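Next come the chains, spelled out residue by residue.
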Amino acid sequence: MEAMTNTVKGWIENPVKFARSHGVPLSSASDVANPDEEIHILIVEGFLLYNYAPLLEVFDKCYYITIPYVECKRRRSSRQYTVPDPPGLFDGHVWPMYLKHRKEMEDWGLNIEYLDGLKSKEKIYNQVYEDIQNNLLNRL
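Residues numbered from 1 in each chain as written. Predicted model: local features only at pLDDT ≥ 70, side-chain atom pairs only at ≥ 80, totals over all residues. Heavy atoms only, no water.

Student: Is there a simple way to think about the packing of aromatic side chains in this case?
Tutor: For any pair of aromatic rings, the description consists of the separation of the ring centres together with the inter-plane angle of the planes. Evaluation of the coordinates by the stated rule reveals 8 aromatic pairs. Seen in terms of ring centroids, Tyr 50 and Phe 59 are 5.9 Å apart; in terms of plane orientation they differ by 85 degrees. Their pairing is edge-to-face. Assessed through its relative accessible area of 9%, Tyr 50 is described here as buried. The exposure class assigned to Phe 59 is buried, which follows from its relative accessible area of 17%. (Phe/Tyr/Trp six-rings, centres within 6.5 Å; stacked < 30°, edge-to-face > 60°. Buried < 20%, exposed > 50% of the residue type's maximum accessible area, 1.4 Å probe, protein only.)

Student: How should I be thinking about the side chain of Thr 66 in this particular structure?
Tutor: Structurally, Thr 66 is set in strand β1 (residues 62-66). Not counting residues within four places of it along the chain, the set of residues in contact with Thr 66 comprises Tyr 98, Arg 102, Tyr 114, Leu 115, Asp 116, Gly 117 and Leu 118. (Helix = DSSP H or I, 4+ residues; strand = E, 2+ residues; numbered from the N terminus. Contact = heavy atoms within 4.5 Å.)

Student: Sorry, what's going on with helix α5 (residues 89-107) here?
Tutor: For an α-helix the count is 3.6 residues per turn, leaving residues at separations of three or four pointing the same way. Between its first and last C-alpha, α5 extends 26 Å over 19 residues, near the 27 Å set by a 1.5 Å rise per residue. Inspection of α5 places Phe 90, Trp 95, Tyr 98, His 101 and Met 105 among the buried residues, and these make up the whole buried set. Looking at the buried side of α5, the elements it contacts are β1, α4 (69-78) and β2 (112-116). At the exit of α5 stands Gly 109, carrying a positive phi of roughly 70 degrees. (Expected span 1.5 Å × (residues − 1).)

Student: I tried to follow the side chain of Asn 51 on my own but got confused; where do I start?
Tutor: With respect to the helices and strands, the residue Asn 51 is situated in the loop between α2 (15-21) and α3 (53-56). A distance of 3.1 Å separates polar atoms of two side chains, one belonging to Asn 51 and the other to Glu 104. Those residues in contact with Asn 51 that sit more than four places away from it in its chain are His 101, Glu 104, Met 105 and Trp 108. (Polar contact = N/O pair within 3.5 Å; in protein donor to acceptor, adjacent residues only side chain to side chain.)

Student: How do you make sense of the nonpolar core when you look at a structure like this?
Tutor: Soluble globular proteins: nonpolar side chains tend toward being buried together. In terms of nonpolar packing, the biggest core is built from 16 residues, with Tyr 50, Leu 55, Phe 59, Tyr 64 and Ile 112 touching the most fellow members. Those elements giving two or more residues to this core turn out to be α3, β1 and α5. In terms of residue count, α5 provides more of this core than any other element does, 4 residues in total. If we skip the residues at most four places from it in the chain, Tyr 50 touches Leu 56, Phe 59, Cys 62, Tyr 63, Tyr 64, Met 105, Trp 108, Leu 110 and Ile 112. (Core = buried A, V, L, I, M, F, W, Y, C linked by side-chain atoms within 4.5 Å.)

Student: How should I be thinking about the packing of α4 against α5 in this particular structure?
Tutor: Each packed pair of helices is defined by two parameters, the angle between the axes and the distance between the axes. Relative orientation of the contacting elements α4 and α5 amounts to 115 degrees, with a least axis distance of 12 Å. As α4 packs across α5, the resulting crossing turns out to be right-handed. Across the interface between the two elements, Tyr 69, Cys 72, Lys 73 and Arg 76 of α4 pack against Leu 89, Phe 90, Asp 91, Val 94 and Trp 95 of α5. Here the contact of α4 with α5 is built from residues that sort into 6 nonpolar, no polar and 3 charged. (Axes fitted to C-alpha atoms, helices over the stretch in contact; angles between N-to-C directions. Left-handed = near helix turned anticlockwise from the far one by under 90°. Nonpolar A, V, L, I, M, F, W, Y, C, P; charged D, E, K, R; others polar.)

As structure tokens, this is what we get:
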């Protein structure tokens, strides 16, 4: 987590330099002559991101996709793993740890936007995309 935090901070310091030094191509939706003047967005994804305080300091916006127990168990059981889950893993470990970490995250009082994981991927994407656009417009 410390390495991830340092990597994100490196990107924040200079996203163009960071991308180039890591072989990441820059794409542009505009004709800005100077890429350093463009708006750069970094998406950091992971299931324990909001439980690590140093990483929280670098986030401008936080989203968290939630789904109820029954749907989560259904999705987990439909996955095909190389090594299958042992019997009882979901109820004995996966779901209790999800609840534990979510409670910790909620107890910190973070400004997190909760997204309904029962919606389609497209609807969730559009909701986040629109929210980011609105945030960018409000900064100008």
